[in-house]
Amino acid sequence: MTHVILYAKNQDTLPELKRDVEGKCNDPDYNYIFFEYPMDILDYLNTARPGNCSVFFDTDNLSEGLEIASRVSDINPKYRFVLVCKEFGDIEELFHSGVTYYLNSPYSKESMGRCVANMKKYHNDQRGQVLTLKTGKGVEALNVPDIKYVMSDKRKVVFYIDDREQSYYYKLDEVAELLGESFLRCHQSFIVNMKKIKLFVEDGLLLDNDDFVPVSRKKYYAAKREYLSYITGNRIEQI
């Protein structure tokens, strides 16, 4: 599910913004959310942490738009931020504030159509790249390519991600079903991202950051076959 947040400082223009975005998008997998105040947008993103999200922010105050764009980018730099404003902004300033698209108000239907088409293409490319997990606080999203490996730890699973470790109350079998074909079950307690493997060694795997992941004796040759099949794109029955 892709979340599309719509905000207009002048509430009279919100129906037109909604019509233009939703009409051009026309996708049932998009969830539209409307906010009356900018800070509510930030509170929602901090709490819900949606995997895919675009924010359409219509304001007559450029400084306000740049501030919200920057704070949205701080929450997740992969979120798309579309700024609609009567004031013209410096391109470098817009870029460094996290604005993905800028539309000068009043925008043309053609400009909005191109903006929405680019947004859709980005989010469609991102689908399958985000793992959504339920927690006691709601839902959290993990960027799948950043996951190095997952380890079972009693009643929890620990995700080892490029920049941190994250624990959830899940079973490893459940996680294995959610992850894609690029992940290998190499041990009763470990799943590894095959894109991160640098080398097979005698009793395990070395990852590209030199982390070590064990491989069980029973799974060693099957795991090696599966890895070679993955990197070559061919089915390898024996090695």
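Because the structure is a prediction, the values reported are computed rather than measured.

Quick notes on the rules
Starting afresh in each chain, residues are numbered from 1 along the sequence in its written order. Per-residue local features are limited, in this predicted model, to residues with pLDDT of at least 70; the limit for side-chain atom pairs, both in listing and counting, is 80 or more; totals at the level of whole chains, interfaces and linings are taken over all residues. Only hydrogens and water are set aside when side-chain values are computed; all heavy atoms of the structure are taken into account. Should DSSP find at least two bridges between two strands, the strands are regarded as paired. Numbering of helices and strands runs from the N terminus, with a helix taken as a DSSP run of H or I at least four residues long and a strand as a DSSP run of E at least two residues long. Put plainly, a pocket is an open set of points on a 1 Å grid over the protein atoms alone with protein on both sides within 12 Å along at least five of seven lines, a cavity is a set where a 1.4 Å probe fits but cannot get out, and a lining residue has an atom within 4 Å of a point. Grid points are joined across faces, edges and corners, and a volume is the space filled by probe spheres set on the points. Throughout, the ten residues Ala, Val, Leu, Ile, Met, Phe, Trp, Tyr, Cys and Pro are labelled nonpolar, Asp, Glu, Lys and Arg are labelled charged, and all others, Gly among them, are labelled polar. Interaxial angles span 0 to 180 degrees and are taken between N-to-C directions of axes, which are lines fitted to C-alpha atoms, for helices over the stretch in contact. Criterion for a salt bridge: a side-chain nitrogen of Lys or Arg within 4 Å of a carboxyl oxygen of Asp or Glu.

1. Digging into the pairing of strand β11 (residues 183-187)
Phase 1: Inspection of the sheet shows β11 paired to strand β12 (residues 190-193) by 4 bridges, in the antiparallel sense. Residue pairing in the sheet places arginine 185 in a bridge with isoleucine 191 of β12.
Phase 2: Here β11 hands over to β12 after 2 residues, the two strands then running antiparallel side by side.

2. Remarks on the layout of surface pockets
Phase 1: Of the volumes computed, that of the largest pocket is approximately 520 Å³.
Phase 2: Counting only elements with at least two residues in the lining of the largest pocket, the list comes to β6 (130-135), β7 (138-143) and β10 (164-168).
Phase 3: The element contributing the most residues to the lining of the largest pocket is β7, with 6 residues.
Phase 4: The residue makeup of the lining of the largest pocket, split by class, is 10 nonpolar, 9 polar and 7 charged.
Phase 5: Volume-wise, the second largest pocket comes out at about 280 Å³.

3. Notes on the pairing of β10
Phase 1: Sheet topology note: the strand β9 (residues 156-161)/β10 ladder contains 5 bridges and is antiparallel. Bridged to valine 157 within β10 is tyrosine 168.
Phase 2: Following β9, the chain reverses through 2 residues before pairing antiparallel with β10.

4. Points about the sheet that holds strand β15 (residues 212-214)
Phase 1: The strand order across the open sheet built from 3 strands is β13-β14-β15, with neighbouring strands paired in antiparallel fashion. The open sheet is flanked by β13 (197-201) and β15, the only strands paired with a single partner. Going from strand to strand, the sheet's axes swing by 25° on average, the running direction of each strand aside.
Phase 2: Two elements, strand β14 (residues 204-207) and β15, share 3 bridges in a ladder whose sense is antiparallel. Note that in β15 the partner of glycine 204 across the bridge is proline 214.

5. Looking at the pattern of salt bridges
Phase 1: All told, the structure shown has 9 salt bridges when counted by the stated rule.
Phase 2: A salt bridge links aspartate 211 to lysine 148, with the shortest nitrogen-to-oxygen separation between them at 3.1 Å. Taken as a pair, aspartate 211 in the loop between β14 and β15 and lysine 148 in strand β8 (residues 147-153) lie far apart in primary sequence, 63 residues in all.
Phase 3: Among the ionic pairs, aspartate 173 bridges to arginine 185, the shortest N-O distance being 3.0 Å. Here the residue aspartate 173 occupies a position in helix α6 (residues 172-178), and arginine 185 occupies one in strand β11, the gap between them amounting to 12 residues.
Phase 4: What you see here is one network of salt bridges that share partners, running through Glu16, Asp20 and Lys109.

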